[in-house]
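Summary of the model geometry
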Amino acid sequence: MRGSQRLFEHGRFYDAFARRLAGGLYRRVVDDVVLAEPRPGAVLLDAGCGPGRLAMDIARARPDATVHGVDLAAGAIEVAVDRAARAGLADRTRFLCGDLADLPFPDGTFDLVVSTVSYHHWAHVSPVVAELARVLRPDGRLWVYDARAMPATPFRDAAREAMPDRAQGRAIVRTGWFPVPIFQRLAVSRSA
């Protein structure tokens, strides 16, 4: 296990880190979800959810939705489960420790899959994208937010292979006060 992965295995450390680094990004993702996923009773997946902060923010903003979170770090999942219980969101948020390349969900489970600041950890992009595509409903969307410097080509190639009939896009994402946008959103949506 690499050094940064060991640090992030401890859920409370990662939670403090994520709050500082990704707070503005999380607010932007929640806004994007509220605007773009109007389906009542939507079922969403936060892929690489860490300590569950984003999943719970989405659940608060969309009280009709159910939000699942999956992360490889057991410590982060422990923090997410505890936080959801304390926030009274355990009935609409569910967290599992697992590998994004081997998800424990049936085909076509989710209306929307979001992933924030996780893509750069995917050693093998194709199996993860294929698995995210499998659990996505036929008219669902996949949004992957990460550092703008991350190359989009591996994601695009994997998405083209897993979902050849879907439209792809890339958008630069501005968050907070910082004058230069440091994030991007790689998206796969309904047929073009």
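Structure's up top.
The shown structure was predicted, so the numbers you read here are calculated from the model rather than taken from an experiment. (Residues numbered from 1 in each chain as written. Predicted model: local features only at pLDDT ≥ 70, side-chain atom pairs only at ≥ 80, totals over all residues. Heavy atoms only, no water.)

**Observations regarding the pairing of strand β5 (residues 136-147)**
Put simply, the rule is: Strands were regarded as paired on the criterion that DSSP finds at least two bridges between them. Strands are runs of DSSP state E lasting at least two residues, helices are runs of H or I lasting at least four, and both sets are numbered from the N terminus onward. Think of it like this: strands point away, you trace from the first strand over the helix to the second, and a clockwise trace means the crossover is right-handed.
The pairing of strand β4 (residues 110-116) with β5 spans six bridges and is parallel. Residue pairing across strands places V113 opposite L142, the latter belonging to β5. Remark: the β4/helix α5 (residues 125-135)/β5 crossover connection has right-handed handedness.

**Digging into the pattern of salt bridges**
Let me state the cut-off plainly: Salt bridges are defined as contacts in which a side-chain nitrogen from Lys or Arg sits within 4 Å of a carboxyl oxygen from Asp or Glu. Only protein chains enter the accessibility calculation, which uses a 1.4 Å probe; a residue is then buried when its area is under 20% of its type maximum, exposed when over 50%, and partly exposed in between.
Under the criterion given, the structure shown has eleven salt bridges. Between R137 and D111 there is a salt bridge, and its shortest N-O distance comes to 2.8 Å. Here R137 is found in strand β5, whereas its partner D111 is found in strand β4, with 26 residues between them in sequence. We classify R137 as partly exposed; its relative accessible area is 24%. R160 is paired through a salt bridge with D157; the nearest N and O atoms lie 3.1 Å apart. With R160 and D157 both in helix α6 (residues 153-162) and three residues apart, this pair spans about one turn of that helix. Since its relative accessible area comes to 46%, R160 is described here as partly exposed. Given a relative accessible area of 40%, D157 falls into the partly exposed group.

**With respect to the nonpolar core**
As a reminder of what qualifies: Nonpolar cores are built from buried Ala, Val, Leu, Ile, Met, Phe, Trp, Tyr and Cys residues. Side-chain atoms within 4.5 Å join them into one set. Contacts are assigned to residue pairs with any non-hydrogen atoms lying within 4.5 Å of each other.
With 28 residues, the main nonpolar core has V33, I58, F95 and V114 as its most contacted residues. When residues of this core are traced back to their parent elements, those giving at least two are α2 (11-36), α3 (53-61), α4 (74-87), β4, β5 and β7 (183-191). Apart from the residues within four sequence positions on either side, V114 is in contact with V29, V33, L45, D46, A47, L54, I58 and W143. Membership of the second largest hydrophobic core comes to 27 residues, among which are A47, W122, A133 and F155.

**A word on the environment of E161**
By secondary structure assignment, the location of E161 is in helix α6. For E161, a relative accessible area of 66% gives the class exposed. Separated by 35 residues in the primary sequence, E161 and S126 have C-alpha atoms spaced 8.4 Å apart.

**Things to note about α4**
What counts, and what does not: In this scheme, a helix's expected span is set at 1.5 Å multiplied by one less than its residue total.
In a regular helix each residue adds 1.5 Å, so 14 residues correspond to 20 Å; α4 covers 20 Å between its end C-alpha atoms and thus fits that length. All of the buried residues in α4 are G75, A76, I77, V79, A80, R83 and A84. Just beyond α4, the residue with positive phi is G88, at close to 75°.

**Details of the packing of aromatic side chains**
This is how it is decided: To pair, rings of Phe, Tyr and Trp, with the six-membered ring standing in for Trp, must have centres within 6.5 Å; the planes then decide the type, stacked if under 30 degrees apart, edge-to-face if over 60, and tilted in the middle. Criterion for a charge above a ring: Arg CZ or Lys NZ at most 6 Å from the ring centre, at most 35 degrees from the ring normal.
Tallied over the full model, the rule gives three aromatic pairs. Between Y119 and W122, the ring centres sit 5.3 Å apart and the planes meet at 85°, which makes this aromatic pair edge-to-face. The exposure class of Y119 is buried, given its relative accessible area of 3%. Note on W122: relative accessible area 10%, which makes it buried. Judged by centre distance (6.2 Å) and plane angle (85°), the ring pair of Y119 and F155 falls under edge-to-face. Here the residue Y119 occupies a position in the loop between β4 and α5, and F155 occupies one in helix α6, the gap between them amounting to 36 residues. F155 shares its class with Y119; the two are buried. Within the aromatic cluster, the residues linked to one another by ring pairs are Y119, W122 and F155. In this structure, R185 is placed above the aromatic ring of W143, and the distance from its NZ or CZ to the ring centre is 4.4 Å.

Geometric values such as these leave the question of function open.
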